[in-house]
Amino acid sequence: MTEMIYEYDGSFEGFLTCIFESYAQKEVLTAISCGEDIPFMLFPVRTVLTDRDHAARVYRKVVKLSPEAADLLRRGFLTCLPDREMHLYRLVVKLLEEGPRFLRDLSDETLYPILRAVRHLNGEVHQYKGFVRFSDLGGVLGGEIEPKNRVLPLLRRHFCDRYRNERFFLYDRTHQEALFYAEGRSAVRPLEHFQMAPPDEAEARYRLLWKRFYDTIAIRERENPRCRMTHMPKRYWGTMTEFQGEAHFRARGTPAAVSDPGAPAGIPAPETPPGSGQSVPGSVP
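The model shown is predicted, which means the values in this text are computed figures rather than measured ones.

Undergrad: What is the right way to read helix 2 (residues 52-65) from this model?
TA: Each α-helix winds once per 3.6 residues, and so residues spaced three or four apart point in a common direction. In this model, helix 2 (14 residues) spans 20 Å end to end at C-alpha, consistent with the 20 Å of a helix rising 1.5 Å per residue. Of all the positions in helix 2, only A55, V58 and V62 are classed as buried. The arc enclosing the buried residues of helix 2, seen along the axis, measures out at 65°, which places them on a common side. Facing away from the buried side of helix 2 by more than 90 degrees, the exposed set consists of R52, D53, R60 and K64.

In C-alpha cells, the structure reads:
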C-alpha cells in the first residue's frame, strides 16, 4: 500500500472523505493536513475534495460498529488535540479492523489521547455555560470567548434554548467563527477580523454595575486568589466583564468611563489587559 499525505478543507465531512479515500485507493496515511502546516514532504501529497456521500458512508459504518466511537469521532474533531486528524484516523482504522471491543480499555494507546482531549473539551463547554458575558448592542446580544477547543457547536443548543426569544451572536476569537441566533434559527459560521462595537451609555452603566456587584459581594476576610483561580481559571478572564479595565466601560463617543454607580467598596477584581487571552495550545493540559 502507498504511503500518502492528504490535504483537505478542514471540515468534518472532508476528514471523513479522507478516510474513505484511503481505503478506496489503498493508501496508508502518514499525515492529514488542512493546508496550514503540511509536514516535511517525505511522502507525496494529494488534495482530497469533500464528498458528502462518501463521508456519510464512513460515518454510518462507524455508527453501526459503535455509537460511542461515532460520538468520540465528532467530539474529538472539535478538540485542540495536536495532530487530531491522525489520532482519529487511527481510531477508525482500529475500529474497522478489530471491532469496538478495544473501547472498553481506557488505557488503549489509540483511544486514550482522544478520551483525554474530549474530557478537556467537555470541561471547557461546561465552564463557558457560566463564564460567557453578553452585552446589549442595539437590541442584539453579543459576546466573545477565547476557547482552546471549538466549543460553539456544543454550546449552540444551550444558548439557543436559554435565549430563545432574543437575537444574539457569540464570537470565538481563537477559531474566528461565530454562533448566530434569531427567530428560532441558528448557525455557526466563519467570521474573520471581527471587532465588537463599543457600548452605548446604558450598556456601559450595566457593565459597570455588574463589575461593582462582583467586587462588593466578596468577603474580604475570606479572600483566596488560588481558590478563585481553581473555580474560575485565569484564561477565561479576558472576556469576562468583571475583570476588564476602564476602556471596557467607556460609552460610545464618551472620552471617559461612565460614572460609578456608588456601590460600597469591596475586593476589586484584577483587571485583564485587552488581548491577553490564550490561543490554541500545543497540547491539552
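Having seen the model, we can carry on.
Undergrad: Sorry, what's going on with the packing of aromatic side chains here?
TA: For any pair of aromatic rings, geometry is given as the distance between the ring centres together with the angle between the planes. Using the criterion set out here, one finds 16 aromatic pairs in the structure. Geometrically, the ring pair formed by Y163 and F168 is edge-to-face, given 6.0 Å between the ring centres and 65° between the ring planes. Here the aromatic rings of F169 and F194 are separated by 5.5 Å at their centres, their planes lie at 75°, and the arrangement is edge-to-face. Of this pair, F169 sits in strand 6 (residues 168-172) while F194 sits in the loop between strand 8 (185-190) and helix 7 (201-216), placing them 25 residues apart in sequence. Positioned above the aromatic ring of Y59, the side-chain terminus of R74 is 4.9 Å from the ring centre.

Undergrad: What is the right way to look at the sheet that holds strand 8 in this model?
TA: Two orientations exist for strands paired in a sheet by backbone hydrogen bonds: parallel and antiparallel. The five strands are arranged 4-5-6-7-8 in an open sheet whose pairing can be described as mixed. Either end of the sheet is taken by a strand with one partner, and the two such strands are strand 4 (135-137) and strand 8. In this sheet, adjacent strand axes meet at a mean angle of 25° when their direction is disregarded. As defined by bridge partners, strand 6 adjoins strand 7 (residues 177-182) across five bridges and the pair is classed as antiparallel. Residue F168 lies in a different strand from strand 7, and its bridge partner there is Y181.

Undergrad: Any chance you could explain the pairing of strand 2 (residues 27-33) here in plain terms?
TA: Side chains on a regular strand alternate between the two faces of the sheet. Of all seven residues making up strand 2, five are buried, and the element is well covered by its neighbours. With six bridges connecting them, strand 1 (residues 2-7) and strand 2 associate as parallel partners. Paired with E7 across the two strands is S33, which belongs to strand 2. Tracing the backbone out of strand 1, into helix 1 (residues 12-24) and back to the parallel element strand 2 gives a crossover that is right-handed.

Conventions we followed
Residues numbered from 1 in each chain as written. Predicted model: local features only at pLDDT ≥ 70, side-chain atom pairs only at ≥ 80, totals over all residues. Heavy atoms only, no water. Helix = DSSP H or I, 4+ residues; strand = E, 2+ residues; numbered from the N terminus. Expected span 1.5 Å × (residues − 1). Buried < 20%, exposed > 50% of the residue type's maximum accessible area, 1.4 Å probe, protein only. Arc of directions from axis to C-beta. Phe/Tyr/Trp six-rings, centres within 6.5 Å; stacked < 30°, edge-to-face > 60°. Lys NZ or Arg CZ within 6 Å of the ring centre and 35° of its normal. Pairing = 2+ DSSP bridges. Axes fitted to C-alpha atoms, helices over the stretch in contact; angles between N-to-C directions. Right-handed = clockwise from strand over helix to strand, strands pointing away.

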